[in-house]
Amino acid sequence: MNYHLRYLPLPDVAEGMVLGAPLILTEKGVISFSLPEGHLLTETNLQQMKVRHAEFVCVREEDTRSDDERADAWAKAEARLQRIFRAADLSLPVMANLYEAVRAYRRT
């Protein structure tokens, strides 16, 4: 089964969704709440996040697209990324790292 990650504002997150990345909330530099990747969210979790002022949550959702649809979407995303970075000097480590970070993010 294939999945993709989405970053949702807290009001759009619902009970039963699965975390796509660890959730770590801090207050004054101290961890006040955390949940591991893959955690099935409960109503209690959502209340705890709301009380601690969480804004966005990374959730994992089933990707119902076919392999061909996923490949086509990735080709379009890759082409767009190349257009965005067309004037960037990717021989510079900073730019190359930024490009790869954005590329990895878009791949999920």
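Remember, predicted model here, so these are calculated numbers, not experimental data.

## Concerning the sheet that holds strand 1 (residues 3-9)
And step 1. One open sheet holds the three strands; their spatial order is 1-5-2, and the pairing between them is antiparallel. Pairing within the sheet leaves two strands with one partner each, and these edge strands are strand 1 and strand 2 (18-19).
And step 2. Relative to strand 5 (residues 56-62), strand 1 runs antiparallel, the two being bridged by seven bridges. Each residue of the ladder has a partner; that of P9, found in strand 5, is F56.

## What about the pairing of strand 5?
And step 1. When strand 2 meets strand 5, the two strands line up antiparallel, connected through two bridges. Directly across from V18, in strand 5, lies its bridge partner R60.

## Examining the domain arrangement of the protein chain
Interface size, as often reported, equals the accessible area lost upon joining of the parts.
And step 1. The domains assigned to the protein chain are domain 1 (3-62) and domain 2 (67-107).
And step 2. Computed over C-alpha atoms only, the centres of domain 1 and domain 2 are separated by 27 Å.

## Here's the deal with the environment of Y99
And step 1. Locating Y99 in the fold gives a position in helix 3 (residues 93-107).
And step 2. Judged by relative accessible area, Y99 falls into the buried class, the value being 9%.
And step 3. Taking the C-alpha atoms as reference, Y99 lies 8.1 Å from L81; in sequence the two are 18 residues apart.
And step 4. Excluding anything up to four places from it in sequence, Y99 contacts E78, L81, Q82, F85 and L90.

Conventions and cut-offs
- Residues numbered from 1 in each chain as written.
- Predicted model: local features only at pLDDT ≥ 70, side-chain atom pairs only at ≥ 80, totals over all residues.
- Heavy atoms only, no water.
- Pairing = 2+ DSSP bridges.
- Helix = DSSP H or I, 4+ residues; strand = E, 2+ residues; numbered from the N terminus.
- Domains from an automatic or database assignment.
- Buried < 20%, exposed > 50% of the residue type's maximum accessible area, 1.4 Å probe, protein only.
- Contact = heavy atoms within 4.5 Å.

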